[in-house]
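# Coordinate analysis (summary)
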Amino acid sequence: MLYAIIGEDVPNSLQLRLSVRPAHLARLESLQQAGRLVVAGPFPGEEGEGFSGSLIVADFSSLEEAKSWADADPYLKAGVYVSVMVKPFKMVFGPIPAEGKK
């Protein structure tokens, strides 16, 4: 089943976020290589600077597995995220293929 993981950043998180980014991306790459990652990316800050959080949609066997995966995220452990929400997700429309983007 698909789950949405929504992390909310602490204020002024950019420098901390950048310091932990390689470890965060490595975990996402593992999900992608396993064919379980649907989409992932940050929410840009409202004024175009920094980020306010992140969204990850991926396939997990249960809500408990999704929460456990989210709880181990380097961004959460390093204090980039002030909170993380994990919810079941039903995809009605799929992502735009990279070659279809303008």
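Let me sum up the structure you'll find in this document. (Residues numbered from 1 in each chain as written. Predicted model: local features only at pLDDT ≥ 70, side-chain atom pairs only at ≥ 80, totals over all residues. Heavy atoms only, no water.)

## What to know about the nonpolar core
- Core analysis: the largest hydrophobic core is formed by eleven residues, namely Y3, I5, L28, L31, I56, A58, F60, A66, W69, A70 and V86.
- At the level of secondary structure, the elements contributing two or more residues to this core comprise β1 (2-9), α1 (14-33), β3 (51-59) and α2 (63-71).
- In terms of residue count, α2 provides more of this core than any other element does, three residues in total.
- When sequence neighbours within four positions are dropped, the list of residues in contact with I56 reads Y3, A4, I5, H24, L28, L37, V39, A40, W69 and D73. (Core = buried A, V, L, I, M, F, W, Y, C linked by side-chain atoms within 4.5 Å. Buried < 20%, exposed > 50% of the residue type's maximum accessible area, 1.4 Å probe, protein only. Helix = DSSP H or I, 4+ residues; strand = E, 2+ residues; numbered from the N terminus. Contact = heavy atoms within 4.5 Å.)

## A closer look at the side chain of R17
- Examined against the element boundaries, R17 turns out to sit in helix α1.
- Judged by its relative accessible area of 5%, R17 falls in the buried class.
- For R17, the contacting residues outside a window of four places in its chain are D9, P42, F51, G53, S54, Y75, V80 and Y81.

## Focus: unusual backbone geometry
- Even without being a glycine, N12 presents a positive backbone phi close to 55°.
- Note that N12 resides in the loop between β1 and α1.
- Using a relative accessible area of 79% as the deciding quantity, one classes N12 as exposed.

## Comments concerning the environment of I6
- Along the chain, I6 turns up in strand β1.
- For I6, a relative accessible area of 29% corresponds to the partly exposed category.
- If we skip the residues at most four places from it in the chain, I6 touches F43, S54, L55, S83, V84 and M85.

## Things to note about the pattern of salt bridges
- Evaluation of the coordinates by the stated rule reveals three salt bridges.
- Two residues, D9 and R17, come together in a salt bridge whose shortest N-O distance is 2.9 Å. Here D9 and R17 have matching classes, each one buried.
- When the shortest N-O distance is used, the salt bridge between E65 and R36 registers 3.2 Å. Highlighted residues: E65 in helix α2 and R36 in the loop between α1 and β2 (37-44), separated in sequence by 29 residues.
- We classify R36 as partly exposed; its relative accessible area is 25%. (Salt bridge = Lys/Arg side-chain N within 4 Å of Asp/Glu carboxyl O.)

## Focus: the pairing of β2
- By the bridge criterion, seven bridges tie β2 to β3 in an arrangement that is antiparallel. Each bridged residue has a counterpart across the sheet, and for A40 the counterpart in β3 is I56.
- Between β2 and β3, which pair antiparallel in sequence order, lie six residues; one of them, G48, sits at a positive phi of approximately 80°. (Pairing = 2+ DSSP bridges.)

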